[in-house]
Amino acid sequence: MNTHIKGVKGEDIAADYLVKHKYKILERNFKCRFGEIDIVAVNDGFVVFVEVKSRASDKFGLPREAVTPYKRQRIIGAAKYWLYLNKNTGAPTRFDVVEVMCEEVTVLKDAFRN
Amino acid sequence: MLALVKSYGLKGLDGFSVQAEIDMHSGMPTYDIVGLADTAVKESKERIRSAVKNSGYSYPVASVVINLAPADIKKEGTLYDLPIAIGMLAASKQIPYDTLKKAVILGELSLNGEVRKINGLLPMIISAKQQGERVFVIPRDNAEEAVFIEGTEIYAVATLSEAVAFLTGQTELQPLTTRSWQNDVEYRRGDNDFKYIKGQFAAKRAMEIAVAGGHNILMVGPPGAGKTMLARAVPSIMPNLTFDEALEVAKIHSISGQLDGGFIYERPFRTPHHSATMVALTGGGNKARPGEISLAHNGVLFLDELPEYSRQTLETLRQPLEDGVITVARNAVSVTYPADFMLIASMNPCPCGNYGSATAECTCSASQIHRYLGKLSGPLLDRIDIHIEVDNVTYYDIQSDTLAEPSETIRKRVNIAREKQLSRLSGSGKRCNAQMTTVDIKKYCKLDKESLTLMEDSFDRLNLSARAYNRILKVARTIADLDGADNISVKHIAESIQYRSLDRKYRV
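Conventions adopted
- Residues numbered from 1 in each chain as written.
- Chains lettered and ligands numbered in written order.
- Predicted model: local features only at pLDDT ≥ 70, side-chain atom pairs only at ≥ 80, totals over all residues.
- Helix = DSSP H or I, 4+ residues; strand = E, 2+ residues; numbered from the N terminus.
- Rg over C-alpha atoms; globule rule 2.2 N^0.38 Å.
- Buried ≥ 20, exposed ≤ 12 C-beta atoms within 10 Å, placed from the backbone.
- Contact = placed C-beta atoms within 7 Å.
- Core = buried A, V, L, I, M, F, W, Y, C linked by C-beta atoms within 7 Å.
- Domains from an automatic or database assignment.
- Axes fitted to C-alpha atoms, helices over the stretch in contact; angles between N-to-C directions.
- Parallel < 35°, antiparallel > 145°, perpendicular 65-115°, else oblique.
- Left-handed = near helix turned anticlockwise from the far one by under 90°.
- Nonpolar A, V, L, I, M, F, W, Y, C, P; charged D, E, K, R; others polar.
- Pairing = 2+ DSSP bridges.
- pLDDT = per-residue confidence, 0-100.
- Expected span 1.5 Å × (residues − 1).

1. Quick word on the overall build of chain A
Per the secondary structure count, chain A includes 2 helices and 5 strands. The helix and strand sequence of chain A, counted from the amino end, reads α-β-β-β-α-β-β. Expected size for 114 residues packed as a compact globule is a radius of gyration near 13 Å; at 13 Å, chain A falls within 12% of this value. Projected onto the principal axes, the alpha-carbon positions of chain A cover approximately 40 × 30 × 30 Å. When each of the 114 residues of chain A is scored for burial, the buried share is 29%. Counting contacts in chain A only where the partners sit at least 6 residues apart, residues at least 24 apart contribute 54% of the total.

Structure below.
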């Protein structure tokens, strides 16, 4: 479970970073049959669904390259379900990707819109 | 950052300027091409990625958007690999953009970073030059196509790194040295020479006349008489290609990717099989590619066993035979290709092949013969100036060891006759007697009194049509040119009239 621990650690670093940058965290590790969301937060008037990716080095590419189209679909599906559960279907939403690499954090805002 | 790189596209034979705009910003790595790019262009992603990586650069982890402007014209092919790769390196700041040399860049990339050959380079460079472009970067394998284009700086590169080094000014490249056109190539298809054809003097004479004047010719005769052999020997007596003609031919071959030798030095000789479809012959497909008749432009289209072709296919030849061009219209594009070819056709006179032969007996019924010949429409036959009968050779002819007149000698006569026609028709855009219009015929085919009497006599007796009348005059003009005569005399007319055998003998 070493990798899992590393992943959780990455998510903790990301969450701390987000809180410092005016994100109000609503929920962490939301799971449903449609997929998973690492962090759900509110920032700048948006409901933000955050995917956290951590890597020890860029030897195998940047963390952001690991967010494949399939994973993206899973996140979007889970987000729709989360909004439905929270009776919040009309809210402006956004998808961010947070990269954690060697303690260094990069936030890609609105990452799913090219 | 945004980078703009110039490239080119092709619509039929005409090129249009394409601007590849490559924009890059940080974010999720994506790659999108817009601007009506076809599958081959979209697939450039994978080639560029590997080529960039294997050339020692890094493929940017960024959101990449590529626009091929103008965005409302379809872009096809693989030639945008190189310009997009260059633009991508500039946009990701791996190479300086501001000092990048301005050039029209064309080329396909292989995964290891080599620049590959593309189709249609020649027509693109010609159009680009007309539109004021001067500097080009092209694949080295295409260099031979462009050696005759003067007034441009063309740089041929073999790899992506070489292109980058040149465009950034790190290394100097020598522009392609242009050559002036000199067509002194010896005829290479050595086996098909007129000297190896035994007997058949009348047919050879008719072939010489047909080639000299650019006339279409139809050979009728029993199987094994030598019709195909005669046709195959025709390129060996065709006049040399002029530069303008060669350029037209090369452009068409460039588009269809058939410019193997680098350029065209010989007149094309196309022999589509009789199973060829209409589209294969006229051109078409969803990209409106040139067909056999355009590939035969300025050369020979040989249709062996003419009645075996489908009726519909043959009828589509009527309009290009008259106009020398074919317009291929598809829902997305409509393209006009030149199709000015000399038609050589051969056929048997009946299903068994022996009708009218002096040596063998025909076993066909009258209705069979009628049906067989009926496959050829009158309008099509009308467009064929010369009809000849090729009968079996005699044993004596086959046995004789004497070689007949070599093609080289015939070709010299043909060249002289062609020059006469060129100078006579100069300024009208026509090149040979077969292209003369009614007005030209009136002007250049004046008959003396004796000839007029003969014409009048045969017109009534042979029941000739008005069109046949003009054909006879045109062919007579060519015969006179071969004879070195300025005016048509009665012997030229007399010979010309006998080349209408299908109008008389076989019209049942």
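2. What to know about the overall build of chain B
Across its full length, chain B holds 21 helices and 18 strands. Counting only C-alpha atoms, chain B reaches 85 × 45 × 45 Å along its principal axes. Taking contacts inside chain B between residues at least 6 apart in sequence as the whole, the part at least 24 apart equals 76%.

3. Considering the nonpolar core
Most often, soluble globular proteins have nonpolar side chains that are buried together. Judged by nonpolar contacts, the single largest core of 133 residues is most densely connected at Ala85(B), Ile86(B), Leu106(B) and Ile217(B). Each of domain 1 (2–167) and domain 2 (194–504) of chain B contributes no fewer than three residues to this core.

4. So, helix α4 (residues 121–130) of chain B
Taken across its 10 residues, α4(B) has 8 buried, putting it largely inside the fold. Of all the positions in α4(B), only Leu121(B), Leu122(B), Pro123(B), Met124(B), Ile125(B), Ile126(B), Ser127(B) and Ala128(B) are classed as buried.

5. What about the packing of helix α19 (residues 466–483) of chain B against helix α20 (residues 490–497) of chain B?
Residues and elements named next belong to chain B. Following both chains from N to C, one finds α19 and α20 inclined at 125°, their axes separated by 8 Å at the closest point. Accordingly, the angle class assigned to the pair α19 and α20 is oblique. Considering how the two elements wind past one another, α19 and α20 form a crossing that is right-handed. Between α19, through Ile-472, Val-475, Ala-476, Ile-479, Ala-480 and Asp-483, and α20, the contact on the second element is made entirely by His-492, Ile-493, Glu-495, Ser-496 and Ile-497. Along the lines of polarity and charge, the residues of the contact of α19 with α20 split into 7 nonpolar, 2 polar and 2 charged.

6. A look at the domain arrangement of chain B
Reports often express the size of an interface as the amount of accessible area lost when the parts come together. Residue and element names in this part refer to chain B. What the domain assignment lists for chain B is domain 1 (2–167) and domain 2 (194–504). Put simply, the middle of domain 1 and the middle of domain 2, counted by C-alpha atoms, are 44 Å apart. Taken together, the contacts link 14 residues of domain 1 with 15 residues of domain 2. Among the secondary structure elements, those contributing two or more residues to the side of domain 1 that touches domain 2 are β1 (2–11) and α4.

7. Some details on the pairing of strand β8 (residues 135–139) of chain B
All names here are of chain B. Summarising burial for β8: 4 of the 5 residues are buried, a large majority. As judged from the 2 bridges shared by strand β5 (residues 104–105) and β8, these two strands associate in the parallel manner. When the bridges of β8 are listed, Ile-105 appears paired with Val-137. In the sheet, β8 pairs with strand β9 (residues 153–157) via 5 bridges, with the strands oriented parallel. Pairing of Ile-138 across the sheet is with Ala-156, part of β9.

8. What about the interface of chain A and chain B?
On the side of chain B, 8 residues touch chain A, which itself brings 9 residues to the contact. Residue composition of the side of chain A that touches chain B, by class: 6 nonpolar, 1 polar and 2 charged.

9. As for the pairing of strand β15 (residues 325–329) of chain B
Residues and elements named next belong to chain B. Here β15 shows one buried face, formed by Ile-326 and Val-328, and one open face, formed by Val-325, Thr-327 and Ala-329. Where β15 and strand β16 (residues 334–338) come together, 5 bridges link them in antiparallel fashion. Across the sheet, Val-328 pairs through a bridge with Val-335, a residue of β16. Linkage of β15 to β16, two consecutive antiparallel strands, is achieved through a turn of 4 residues.

10. So, the sheet that holds strand β5 (residues 104–108) of chain A
All names here are of chain A. Taken together, the 5 strands give an open sheet; going across it, the order is β1-β2-β3-β4-β5, and neighbouring strands pair in mixed fashion. Both edges of this open sheet fall to β1 (24–32) and β5, since each of them pairs with a single strand only. Recorded for the sheet is a direction-independent mean angle of 30° between the axes of neighbouring strands. As judged from the 9 bridges shared by strand β3 (residues 46–55) and strand β4 (residues 93–101), these two strands associate in the parallel manner. By the bridge assignment for β4, Lys-53 is matched with Glu-99. Along the sheet, helix α2 (residues 69–85) contacts β1, β2 (35–43), β3 and β4; its crossing angle with β2, the most-contacted strand, is approximately 60°.

11. Things to note about the sheet that holds strand β18 (residues 386–389) of chain B
Backbone hydrogen bonds are what pair the strands of a sheet, in a parallel or an antiparallel way. All names here are of chain B. Read from one edge to the other, the open sheet built from 5 strands follows the order β11-β14-β17-β10-β18, with strand pairing classed as parallel. The open sheet terminates on both sides in strands that have one partner only, identified here as β11 (269–270) and β18. Pairing geometry for strand β10 (residues 217–220) and strand β17 (residues 342–347), over 4 bridges, is parallel. Note on β17: the bridge partner recorded for Leu-218 is Ala-345. In the packing of helix α6 (residues 201–213) onto the sheet, the strands contacted are β10 and β18, and the crossing angle to β18 comes to about 165°.

12. What about the confidence of the model for chain B?
The pLDDT averaged across chain B works out to 88; a share of 97% of its residues lies at or above 70. In the predicted complex, the global pTM is 0.81; the interface-specific ipTM is 0.73.

13. Concerning helix α8 (residues 243–255) of chain B
Residue and element names in this part refer to chain B. Its 13 residues place the ends of α8 18 Å apart at the C-alpha level, agreeing with the 18 Å of an ideal helix rising 1.5 Å per residue. On its buried face, α8 is in contact with β1, α4, β13 (289–290), α10 (292–295) and β16. Gly-257 sits one or two positions beyond α8 and adopts a positive phi of about 70°.

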